[in-house]
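A closer look at the structure
These are the residues of each chain, in order.
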Amino acid sequence: MPFREINFKMVEAQIQPGQRMFSQRGAMLAYQGEVTFTPNVQGGQGGFTSMIGRRIANEAAPLMTVEGSGTVMFGHGGHHIQVINLSGDTLYVEADRLLAFDGTLQQGTMFMGSQGGVMGMVRGQVTGQGLFTTTLKGHGAVAVMAHGGVIELPITPDRPVHVDPQAYVAHHGDVRNKLSTALGWRDMVGRGSGEAFQLELSGNGAVFVQASEEKL
């Protein structure tokens, strides 16, 4: 069920009988029709394993199951909203940036260190970002939140993209991530932004970058 962008901070979704979607708790702004909102204790489509992974990662963003027949408007905290449409690929996104997504998408959790090695783990230790990233796979739409707007940067084999870890929102495609340091260890004390760290994304795909380093 695609989202209709009302403005930069609000989206609208049509809820059909027999279908469902998930949203962050508190994301519903208004609705019309016979729509129900039920707390989801299983962490969405990923089930119990996904929920445990999110709690270990301190990313247990509570979700609501949205069902029925009607129209729902979503927004949260006045944040900028970016709609991402998936066509069978996988989206990697910080759990607290998820606003709402199709219930048809399969949800999981990826440990960032599995791609970035030890430096991938440092990303969570020093920059304050999560060690785990939520994955959404399949055909459907995802609405994510960011500060100050979002730009999508293409990633190609000959042109990797370097991102401030705190400006990272999400990425998709056949992409590998690696955290590198731009300064020596002594120079990094007290620095958690891109001046000290760079998240290198290489391969084929795209990364979504927000205009502000502020965390949600």
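Residues numbered from 1 in each chain as written. Predicted model: local features only at pLDDT ≥ 70, side-chain atom pairs only at ≥ 80, totals over all residues. Heavy atoms only, no water.

1. Some details on the overall build of the chain
Within the chain, the secondary structure is distributed over two helices and 13 strands. Burial analysis of the chain (216 residues in total) assigns 50% to the buried set. For the chain, the proportion of contacts with a sequence separation of at least 24, taken over those separated by at least 6, is 80%. Taken as a whole, the chain presents about 10100 Å² of accessible surface, with 51% of it coming from carbon and sulfur. (Helix = DSSP H or I, 4+ residues; strand = E, 2+ residues; numbered from the N terminus. Buried < 20%, exposed > 50% of the residue type's maximum accessible area, 1.4 Å probe, protein only. Contact = heavy atoms within 4.5 Å. Areas by Shrake-Rupley, 256 points an atom, 1.4 Å probe, with all protein chains shown as cover.)

2. Quick word on the nonpolar core
Formed by 17 residues in total, the largest nonpolar core has its most connected members in Phe3, Val11, Met21, Val66, Phe74 and Leu99. Residue assignment for this core shows that the elements contributing at least two residues are strand S2 (10–15), strand S5 (63–74), strand S6 (80–93), strand S7 (98–102) and strand S9 (132–146). For valine 11, the contacting residues outside a window of four places in its chain are Phe3, Arg4, Glu5, Ile6, Val72, Met73, Phe74, Ile81, Val83, Leu99 and Ala143. Counting 16 residues, the second largest nonpolar core, distinct from the first, contains Leu86, Phe101, Ala146 and Phe208. (Core = buried A, V, L, I, M, F, W, Y, C linked by side-chain atoms within 4.5 Å.)

3. A word on the side chain of aspartate 164
Within the secondary structure, aspartate 164 is located in the loop between strand S11 (161–163) and strand S12 (168–181). Polar contacts involving the side chain of aspartate 164 include one to the main-chain amide nitrogen of glutamine 166, which spans 2.9 Å. (Polar contact = N/O pair within 3.5 Å; in protein donor to acceptor, adjacent residues only side chain to side chain.)

4. Here we look at the confidence of the model for the chain
On average, residues of the chain score 79 in pLDDT, and 70% of them reach the 70 mark or higher. Here helix H1 (residues 47–56) is the element of the chain with the lowest mean pLDDT, 45, and S2 is the one with the highest, 96. Here residues 47–59 is a poorly scored stretch, pLDDT under 50, and it has 28 contacts once near neighbours within four places are set aside; other chains count. Overall, residues 116–130 carries pLDDT values under 50, and its contacts beyond four positions in sequence, including any with other chains, amount to 42 contacts. (pLDDT = per-residue confidence, 0-100.)

5. With respect to the side chain of threonine 135
Within the secondary structure layout, threonine 135 lies in strand S9. Each residue touching threonine 135, except ones within four places of it in the same chain, is listed here: Thr90, Leu91, Tyr92, Gln106, Gln107, Gly108, Thr109 and Met110.

6. Details of the pairing of S7
Most of S7 sits inside the fold, with five of its five residues counted as buried. By the bridge criterion, three bridges tie strand S3 (residues 20–24) to S7 in an arrangement that is antiparallel. Directly across from methionine 21, in S7, lies its bridge partner aspartate 102. (Pairing = 2+ DSSP bridges.)

7. A short note on the environment of threonine 134
Here threonine 134 lies in strand S9. Assessed through its relative accessible area of 0%, threonine 134 is described here as buried. A C-alpha to C-alpha distance of 5.8 Å links threonine 134 and tyrosine 92, two positions 42 residues apart in sequence.

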